[in-house]
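# Survey of secondary and tertiary structure
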Amino acid sequence: MSRPTPILAPSILAADFTRLGEHIRQSVDGGAGWIHCDVMDGHFVPNISYGPLVVQAANRATDTFLDVHLMIQRPDEYLQAFVEAGADLISVHIEAVPHLHRTIHRIKESGVMAGVAINPATSLTLLEPILNDVDLVVLMSVNPGFGGQSFITSTYNRTTRLAAMRAEADAGFRIEIDGGVGAGNIRHLVQAGADVLVAGNSVFGAADVTARCRELVALMHG
Ligand code: DX5
Ligand code: ZN
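Report on the accompanying structure. Source: prediction; values computed, not measured.

This part covers the coordination of the zinc ion (ligand 2). Taken together, the protein ligands of the zinc ion (ligand 2) are His36 (NE2), Asp38 (OD), His69 (ND1) and Asp178 (OD), with distances of 2.0 to 2.3 Å. For the zinc ion (ligand 2), the six donor atoms are set out with angles of 64 to 166° between them, so the coordination reads as irregular. Each donor residue of the zinc ion (ligand 2) lies on the same chain, and together they follow the pattern H-x1-D-x30-H-x108-D.

Right, let's get into the packing of helix α1 (residues 20-29) against helix α8 (residues 209-221). Helix packing geometry: the angle between the two helix axes and the distance between the axes. Remark: α1 packs on α8, axes separated minimally by 7 Å, with the N-to-C direction vectors making an angle of 35°. Pair α1 / α8 crosses with right-handed handedness. Of the residues in α8, those touching α1 at His23, Gln26, Ser27 and Asp29 are Val209, Thr210, Cys213 and Arg214. Considering only residue class, the contact of α1 with α8 consists of two nonpolar, four polar and two charged.

Before going further, it helps to spend a moment on the environment of Gly180. Among the secondary structure elements, Gly180 is positioned in the loop between β7 (174-178) and α6 (186-192). Dropping the residues within four chain positions of it, Gly180 is found in contact with Val142, Gln149, Phe151 and Asn185.

Strand order in the open sheet formed by eight strands is β1-β8-β7-β6-β5-β4-β3-β2, with parallel pairing between adjacent strands. Looking at the sheet topology across the chains shown, the edges are occupied by β1 (7-10) and β2 (34-40). When strand polarity is set aside, the average angle formed by the axes of neighbouring strands in this sheet is 25°. Pairing geometry for strand β3 (residues 65-71) and strand β4 (residues 89-93), over three bridges, is parallel. Counted as the bridge partner of Val68 is Ile90 from β4. Running over the sheet, helix α4 (residues 100-109) touches β4 and β5 (113-118) and is turned about 145° from β5.

This model, assessed by the stated rule, comprises six salt bridges. For Glu215, the salt bridge is made with Arg212, and the minimal N-O distance between the two is 3.2 Å. Remark: Arg212 and Glu215 occur in helix α8; sequence separation between them is three residues, near one turn of the helix. Given a relative accessible area of 28%, Arg212 falls into the partly exposed group.

Near ligand 1 there are 20 residues, and of these Asp38, Gly145, Asp178, Gly200 and Asn201 occur at the shortest range. Interatomic distance of 2.6 Å between a side-chain N/O atom of Asp38 and an oxygen atom of ligand 1. In the environment of ligand 1, an oxygen atom lies 2.9 Å from a nitrogen or oxygen atom belonging to the backbone of Gly148. Summarising the interface, the protein chains cover 99% of the accessible area of ligand 1, which totals 380 Å² for the free molecule. At the level of secondary structure, the elements contributing two or more residues to the shell around ligand 1 comprise β2, β3 and β8 (196-199). It is β2 that contributes the most residues to the shell around ligand 1, three residues altogether. Looking at the shell around ligand 1 residue by residue, the classes come out as eight nonpolar, ten polar and two charged.

Calculation notes
- Residues numbered from 1 in each chain as written.
- Chains lettered and ligands numbered in written order.
- Predicted model: local features only at pLDDT ≥ 70, side-chain atom pairs only at ≥ 80, totals over all residues.
- Heavy atoms only, no water.
- Donors = N, O, S within 2.8 Å, 3.2 Å for Na, K, Ca; no water.
- Tetrahedral: all angles 85-135°; square planar, octahedral: opposite > 155°, others 65-115°.
- Axes fitted to C-alpha atoms, helices over the stretch in contact; angles between N-to-C directions.
- Helix = DSSP H or I, 4+ residues; strand = E, 2+ residues; numbered from the N terminus.
- Left-handed = near helix turned anticlockwise from the far one by under 90°.
- Contact = heavy atoms within 4.5 Å.
- Nonpolar A, V, L, I, M, F, W, Y, C, P; charged D, E, K, R; others polar.
- Pairing = 2+ DSSP bridges.
- Salt bridge = Lys/Arg side-chain N within 4 Å of Asp/Glu carboxyl O.
- Buried < 20%, exposed > 50% of the residue type's maximum accessible area, 1.4 Å probe, protein only.
- Near = heavy atom within 4 Å.
- Polar contact = N/O pair within 3.5 Å; in protein donor to acceptor, adjacent residues only side chain to side chain.
- Areas by Shrake-Rupley, 256 points an atom, 1.4 Å probe, with all protein chains shown as cover.

Here it is, written out as structure tokens:
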């Protein structure tokens, strides 16, 4: 089976919120395929970011696929709000959810795609029972909670291992890498098996967001 074209997913956590729509459109013009929304509750992670209102604003700014990453406890209670806000895919953390199979199927029954995110120190073997249920696995390449952190290099190995687990299970999920991704590692990650590359500061920290996205997309496809 041939691999799908890798997707650049800028994280709006690093955008300028006074001109969010403009920043989103500039990234889409540069080839961003998904827009990544990082939701933090101050409990599962030590930081608070934003909730459904900002996802709704992103949805008004673009028709692009909205990839919502919930770094929150008790995500089941908020799924409907994010679906109504315009999410196209919702990921929950394996470390935050006691009944993962149920939560994944709740997300799918609400009409959107379902993902599971996993922290750098959580064993990939925990994913085995749900590999055929999810549309996306988000491999965290930093400890979640903040943008602008350094990439954890063991992620290369975890990407390769997860790609092998996917092949063995004959599963069809995409592999997303989240945290510290930029021009220095994006090509290597695609070569290791990554399909979706989240980039926050490396995209929105650039003076020319469109040009930076074009550069990253070229490296991914290189
Ligand atoms: C980390 C978030 C990431 C992060 C990416 O908790 O899930 O999406 O904001 O930002 P950069 O690319 O700046 O590490
Ligand atoms: Zn994220």
